[in-house]
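One-letter residues, chain by chain:
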Amino acid sequence: MKNKAEILKFIKRYAAIIFGCVVFALGVTLFLDANNIASGGVTGIAIILNFVTKDVPWLNTGIWIIIINVPLFILGWIFFGHRFILSTVFSTVLSSLLVWVFEIAFKSFLPITENVLISSVLGGALFGGGLGLIFRMGSTTGGTDIVVKILRKKFRHIRTGIISMIIDMIIVGFSAIVYRDFELVCYTVVSIVVVTIAFDWVLYGGNSAKLVHIITTEEFSSLMFERILKELDITATYVDGKGAYSGNEKRIIFCAVRNTAFPKLRDIIKDIDPTAFTIVSSAKEIYGEGYIDHNDEEL
């Protein structure tokens, strides 16, 4: 039974990685590469190099991605071991081949749109969303993603997307030198911002929730606990307190609830104690049952 569960988990993981690679490659081929938008990372560098070597028939963006990644794979092997590199090689080779295949398959339709703003937004969204899904599955598309993971180990307080954006801005400077087109550079910056937003949304979105503090009475708190456990299928914690002004005994309920379930929690509070003092804040990362396992790799 255990082996069956592990096999199923393995299949789901690689199915998600494959889907992420397809989304990533579509964003690069249909929108970014077709309009010379170097949206960052090794892919951005490859797009720039493809522009420089456009007269070489056998070279394209997909081939450049693989060439640049070889030395970075060695770094990844040193820092993260063979398991990480195997999935990374798989993701990198697959996404690069898909870029190459899509370039050939859609050649007569490219560029799909000559509106660079649309291309930077749609391409950035597909690029970042696909990349975020691949990253969430514990893999990467190689390249600067490996550098990002190495830096993330050193600077754990900085989000992955922010580190990636800093590296991407350096690549934007490189593209400005090569293209010498101010408007194109501006659109490239737009695409990088969209990539960062999409990447963080896919990577962290499923772990975000509301952190709710409900200050009520002991009588109402018991009713709230009963309905929270039954209707929301979440748990909660409480502490006893005392109102500073009234001096009355209070019970403070703490609970984390996913964004989609929060309206239901508000209904429960209003039904039981509409006078309850309620504080709501955003929780971007939650560790524990139902959320991120403490033993999971930091993203």
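Going by the structure above, here's the rest.
All of the points below concern the structure found in this document. Just so it is clear, the model here is predicted, and its values are computed rather than measured.

Description of the overall build of the protein chain
No. 1: If you tally the helices and strands in the protein chain, you get nine helices and four strands.
No. 2: Counting only residues that meet the buried cut, the protein chain has 45% of its 299 residues in that class.
No. 3: When contacts within the protein chain are restricted to residue pairs at least 6 apart in sequence, those whose partners lie at least 24 apart make up 73%.
No. 4: Just so you have it, the protein chain exposes about 16300 Å², and 65% of that area is on carbon and sulfur atoms.

Examining a nonpolar patch on the surface
No. 1: On the surface, Val 93, Leu 97, Trp 100, Val 101 and Ile 104 cluster together into a nonpolar patch covering about 420 Å² of accessible area.
No. 2: Position of Leu 97 among the secondary structure elements: in helix α3 (residues 61–105).
No. 3: Take Leu 97: its relative accessible area is 42%, and that puts it in the partly exposed class.

Thoughts on the sheet that holds strand β4 (residues 277–283)
Strand pairing in a sheet relies on backbone hydrogen bonds. The paired strands run either parallel or antiparallel.
No. 1: Read across the sheet, four strands follow the order β2-β3-β1-β4 without closing on themselves; strand pairing throughout is antiparallel. At either margin of the open sheet sits one strand with a lone partner, and together these are β2 (237–242) and β4. The sheet shows a mean angle of 20° between the axes of neighbouring strands, taken without regard to direction.
No. 2: In terms of strand pairing, strand β1 (residues 209–216) meets strand β3 (residues 249–258) through eight bridges, oriented antiparallel. Across the sheet, residue Ala 209 finds its bridge partner in β3, namely Arg 258.

Focus on the pattern of salt bridges
No. 1: In the structure shown here, the tally under the stated rule is seven salt bridges.
No. 2: Here Glu 218 and Arg 251 are joined by a salt bridge, their closest N and O atoms 3.8 Å apart. With Glu 218 in helix α8 (residues 218–232) and Arg 251 in strand β3, this pair connects stretches of sequence that are 33 residues apart.
No. 3: Judged by relative accessible area, which is 9%, Arg 251 ranks as buried.
No. 4: A salt bridge links Lys 242 to Glu 249, with the shortest nitrogen-to-oxygen separation between them at 3.9 Å. Grouping residues by exposure puts Lys 242 and Glu 249 together as exposed.

Observations regarding the environment of Glu 226
No. 1: Mapped onto the elements of the fold, Glu 226 is located in helix α8.
No. 2: Here the alpha-carbon distance between Glu 226 and Phe 102, two residues 124 residues apart in the chain, equals 54 Å.

Here's the deal with the nonpolar core
No. 1: If you look at the biggest cluster of nonpolar residues, it comprises 28 residues, and the most contacted ones within it are Phe 127 and Tyr 179.
No. 2: Every element with two or more residues in this core is listed here: α1 (2–32), α2 (41–52), α3, α4 (116–136), α6 (160–179) and α7 (182–204).
No. 3: A total of seven residues in this core trace back to one element, the largest contributor, which is α1.
No. 4: Filtering out sequence-adjacent residues up to four positions away, Phe 127 remains in contact with Phe 24, Gly 27, Val 28, Leu 32, Ser 39, Gly 40, Thr 43 and Val 195.
No. 5: Counting residues in each nonpolar core, the second largest holds 17 residues, with Val 212, Phe 225, Ala 236 and Ile 272 among its members.

Overview of α7
No. 1: For α7, with 23 residues, the first-to-last C-alpha span of 33 Å sits near the 33 Å given by 1.5 Å per residue.
No. 2: Sitting at the head of α7, Asp 181 places a side-chain oxygen 3.2 Å from the backbone nitrogen of Glu 183.

Regarding helix α9 (residues 262–272)
No. 1: For α9, the set of buried residues is Phe 262, Leu 265, Ile 268, Ile 269 and Ile 272. For α9, the angular spread of the buried residues around the axis is 110°, confining them to a single face.
No. 2: Those residues of α9 that are buried lie in contact with β1, α8, β3 and β4.

Considerations on the pairing of β3
No. 1: Two strands pair when backbone bridges link them, and β2 and β3 are joined in this way by six bridges, in the antiparallel orientation. Each residue of the ladder has a partner; that of Gly 241, found in β3, is Lys 250.

Here is what the cut-offs are and how they apply
- Numbers given for residues are sequential positions, taken from 1 along each chain in its written order.
- In keeping with the model being predicted, local features are shown solely for residues with a pLDDT of at least 70 and side-chain atom pairs are shown and tallied solely at 80 or more, while totals for entire chains, interfaces and linings include all residues.
- For the side-chain quantities, the full set of heavy atoms in the structure was used; hydrogens and water were omitted.
- Numbering goes from the N terminus for both helices and strands, where a helix is a DSSP run of H or I of at least four residues and a strand is a run of E of at least two.
- Only protein chains enter the area calculation, which uses a 1.4 Å probe; residues under 20% of their type maximum are buried, those over 50% are exposed, and those in between are partly exposed.
- Contacts are assigned to residue pairs that have any heavy atoms within 4.5 Å of one another.
- Here the Shrake-Rupley method, with its probe set to 1.4 Å, supplies the accessible areas, and only the displayed protein chains count as covering residues.
- Patch building starts from residues that exceed 30% relative accessible area and form no salt bridge, then joins like charges within 9 Å and nonpolar side chains (Val, Leu, Ile, Met, Phe, Trp, Tyr) within 5 Å.
- By convention in these notes, a salt bridge is any Lys or Arg side-chain nitrogen within 4 Å of a carboxyl oxygen on Asp or Glu.
- Note: two strands are recorded as paired if DSSP finds a minimum of 2 bridges between them.
- To obtain each axis, a line is fitted to C-alpha atoms, and for helices this fit is confined to the stretch in contact; angles are then taken between N-to-C directions over 0 to 180 degrees.
- Remark: nonpolar core denotes a set of buried residues (Ala, Val, Leu, Ile, Met, Phe, Trp, Tyr, Cys) joined through side-chain atoms within 4.5 Å.
- How far a helix is expected to stretch is found by multiplying one less than its residue total by 1.5 Å.
- Any pair of N or O atoms that falls within 3.5 Å is considered a polar contact. Within protein, one atom must be able to donate a hydrogen and the other to accept it, and sequence-neighbouring residues count only if both atoms are side-chain atoms.
- What the arc measures is the spread of directions leading from the helix axis to the C-beta atoms.

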